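# Summary of structural features
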Amino acid sequence: MSDTLTKSQEIEAKKVKINTLFRDYWFRIPEFQRSYVWGKEQIDELLDDLNYARTNHPQKEYFLGSVVLQKHLVQDKKVTYECCDVLDGQQRMTTLFLLMAVLRDLSQNEKLTTNVKEAIFQEEDPFSNQPERIRIEFLIRDAVEDFVEEFIKTDGATEDISRLKEIRQSSNVSLSNMANSMLYLREQLQELSIQDLNDFAVFLFNKVIVIYVASESLEDAFRLFTILNDRGIPLSNSDILKSLNIGEVESEKKRQSFAVMWEKLEGEFGRDEFDRFLVHIRTILLKEKARENLLKEYEKIYKAGKLQKGEDTLKTIKQYRDSYAKLIWFDDDIPQEDFQIRNLVTIMKKGLASDWIPVYLAYFNKFGYDFLFEFLQRLESKFSADWILQETPTKRLSNTYSIIKGIEKANSPAGIIANDEVFEYNREELQRRISEDIYGKNFARYILLKLEYVLLQSNQQFADFNKISVEHVLPQNPKANSFWRSQFNEEELENWTHKISNLVLLSRIKNSQLNNKDFEAKKERYFQSSINVFPNINSVMQYQSWNVDILRLRQDSIVNKLMTDFK
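Residues numbered from 1 in each chain as written. Predicted model: local features only at pLDDT ≥ 70, side-chain atom pairs only at ≥ 80, totals over all residues. Heavy atoms only, no water.

### Considerations on the overall build of the protein
The helix and strand inventory of the protein stands at 26 helices and 11 strands. Split into buried and exposed, the 567 residues of the protein put 53% on the buried side. Put simply, of all contacts in the protein between residues at least 6 apart along the chain, 73% involve residues at least 24 apart. With the model as given, the accessible surface of the protein reaches about 26,600 Å², and the carbon-plus-sulfur share is 44%. (Helix = DSSP H or I, 4+ residues; strand = E, 2+ residues; numbered from the N terminus. Buried < 20%, exposed > 50% of the residue type's maximum accessible area, 1.4 Å probe, protein only. Contact = heavy atoms within 4.5 Å. Areas by Shrake-Rupley, 256 points an atom, 1.4 Å probe, with all protein chains shown as cover.)

Encoded structure:
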């Protein structure tokens, strides 16, 4: 295999050793790139592959992957040199950069130390007109540049374990993962003997190769960028959407600002949730079923003239992020309506699919806080009723788009809130379904959460709860000589065991050993811990006994309360 694979005016591809890559080339991580996200899993795979190749095939070249670059000239103190923006491969390149720093600080070989230091950083030499420069420059991440200065460029810095552990807790995604990766690389490499560490470095520099693919054309480079994936971390739709839009921004200062904004959003949402958030925006703008992947759906948005690529898209995403933070994360002083909005959103986030979120965002984007609680009540009623009534996913999505279209047409909050057509559902059938046995139904946990919401006083806020389980007061299989058998015959057991009146939510995982305890023992040992979280437990605790009459009264009361709350 020759060193030069292809070469043309547009795209150049070469096979290069790591030693050459970190000696003859200079790199920048451009502003549109995503955060550094490699963790132990990817580093484990990398080190395992390298060590296996070094041990079993020490004379063979090991192919690490490809890097896609855009070449351009940089002027630095009257010196012009070629630099490459990394469009694909930045996770791998950044990890190698971290690895160089760890090797430098673990090495006891002077030549190895010199080699890795030169791979990291070039000192200024005025006699040869050589400027000071770092091997990889992170254009828009000021905090990352500080990390590079403190831990990669500085001799001995990777030995500051306590400082690295402190940075690992950072909310900055790149910083946290870089510190964690550096710690893990050091932990793994310091287990090697001095000779093994030297052998590892020799193999890394001389036998590990990458395919260098470069173009001076940003369009050609981006085309490759959208095709290729980083090792173990495929490009998400949001990564490519980011590159397409930030690449359209003409001002370098604005590009940097938008790239910082995007990275912050990725950190706030998390990788998968951010893609889902972008889908919500798509839903609001197109108001129709998605039939393609996210990128192609956004192309439909652009083609329809709903948004323009570049600043228009980026500002719209930021606008909806701010609304999302207020409505879903409660990052603002939402008019609480005595905590009712917050409590209702809490149970919807816990129990419903997220299809209601774009509708809520669309309303807020048009009408703000005006009659927000009244709208949210109708929205929750419609979405939960459709689920309980087992409307098909296609029908539920169609209803979502109808409500968004209704919001778009409405001239005032009343115009949508009073629109019975888009919020219509069969109340009679709904009441029948929640009056039946509900235990084991897919909506059981949610309707019990809704009951807790209804029972909360308007000036109370839900206490924190992470784990919830559904528990029977009257057990499913009471023992023959138990208290329960003295209160219920077989027919009554069959009729009442799985009704909503006999079910409660616990803010804990079930304890099967307590399931069949008598009523008083259950209250004392099982239900007590959930009193301050769920008000339904409080009402159960007031009873001295548990029988058919109590269940019948509770059933009527609960169903009536729930149906009153369905708007």
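There is more to say after this.
### A word on the side chain of Asn180
Mapped onto the secondary structure, Asn180 falls in helix 7 (residues 173–189). In this structure, Asn180 is in contact with Lys40 and Arg168, ignoring residues within four places of it in sequence.

### Some words on the pattern of salt bridges
Per the stated rule, a full pass over the model turns up 29 salt bridges. Between Glu273 and Arg276 there is a salt bridge; the shortest N-O distance is 2.5 Å. Within this pair, Glu273 and its partner Arg276 are both found in helix 12 (residues 271–286), separated by three residues, close to a single helical turn. Given the relative accessible area of 36%, Arg276 is considered partly exposed. Via salt bridges that share partners, Arg104, Asp105, Lys117 and Asp155 belong to a single interconnected network. (Salt bridge = Lys/Arg side-chain N within 4 Å of Asp/Glu carboxyl O.)

### Quick notes on the confidence of the model for the protein
Of all residues in the protein, 88% have pLDDT values of 70 or greater, and the mean over the chain is 85. Considering each helix and strand of the protein separately, the mean pLDDT is smallest for strand 1 (residues 4–7), with a value of 40, and largest for helix 16 (residues 356–367), with 97. (pLDDT = per-residue confidence, 0-100.)

### Things to note about the packing of helix 21 (residues 444–455) against helix 26 (residues 548–565)
Contact geometry for helix 21 and helix 26: axes closest at 10 Å, N-to-C directions at 85 degrees. Relative to helix 26, the element helix 21 lies roughly perpendicular. Each of Ile447, Lys450, Leu451, Tyr453, Val454 and Leu455 in helix 21 lies in contact with helix 26, whose residues at this interface are Ile558, Lys561, Leu562 and Asp565. Split by residue class, the contact of helix 21 with helix 26 holds seven nonpolar, no polar and three charged. (Axes fitted to C-alpha atoms, helices over the stretch in contact; angles between N-to-C directions. Parallel < 35°, antiparallel > 145°, perpendicular 65-115°, else oblique. Nonpolar A, V, L, I, M, F, W, Y, C, P; charged D, E, K, R; others polar.)

### A word on helix 8 (residues 194–207)
Its 14 residues give helix 8 an end-to-end C-alpha distance of 19 Å, which sits within 8% of 20 Å, the value for a rise of 1.5 Å per residue. Regarding helix 8, the residues found buried are Leu197, Asn198, Phe200, Ala201, Phe203, Leu204 and Phe205. (Expected span 1.5 Å × (residues − 1).)

### What about the packing of helix 6 (residues 161–168) against helix 7?
Between helix 6 and helix 7, the shortest axis-to-axis distance is 7 Å and the interhelical angle comes to 140 degrees. Relative to helix 7, helix 6 is oriented so that their crossing is left-handed. Of the residues in helix 7, those in contact with Ile161, Leu164, Lys165, Ile167 and Arg168 of helix 6 are Leu175, Ser176, Ala179, Asn180, Met182, Leu183 and Arg186. Residue composition of the contact of helix 6 with helix 7, grouped by class: seven nonpolar, two polar and three charged. (Left-handed = near helix turned anticlockwise from the far one by under 90°.)

### Some details on the packing of aromatic side chains
Applying the stated rule across the entire model yields 21 aromatic pairs. Here the aromatic rings of Phe269 and Phe277 are separated by 4.5 Å at their centres, their planes lie at 25 degrees, and the arrangement is stacked. Looking at Phe269, the relative accessible area reads 9%, which means it is buried. Each ring, one from Phe277 and one from Tyr324, has its centre 5.6 Å from the other, and the planes form 80 degrees; the classification is edge-to-face. In this pair, Phe277 sits in helix 12 while Tyr324 sits in helix 14 (residues 311–327), placing the two residues 47 residues apart along the sequence. Of the two residues, Phe277 and Tyr324, both sit in the buried class. Aromatic rings pair up to connect Trp262, Phe269, Phe274, Phe277, Tyr324 and Trp329 into one cluster. Seen from the ring of Phe566, Lys450 lies directly overhead, with NZ or CZ sitting 4.4 Å from the centre. Just above the ring of Trp496 sits the side chain of Lys499; from NZ or CZ to the centre is 6.0 Å. (Phe/Tyr/Trp six-rings, centres within 6.5 Å; stacked < 30°, edge-to-face > 60°. Lys NZ or Arg CZ within 6 Å of the ring centre and 35° of its normal.)

### Structural notes on the side chain of Lys382
By secondary structure assignment, the location of Lys382 is in helix 17 (residues 372–388). The class for Lys382 is buried, based on a relative accessible area of 5%. Each residue touching Lys382, except ones within four places of it in the same chain, is listed here: Asn399, Ile403, Val422, Phe423, Glu424 and Tyr425.

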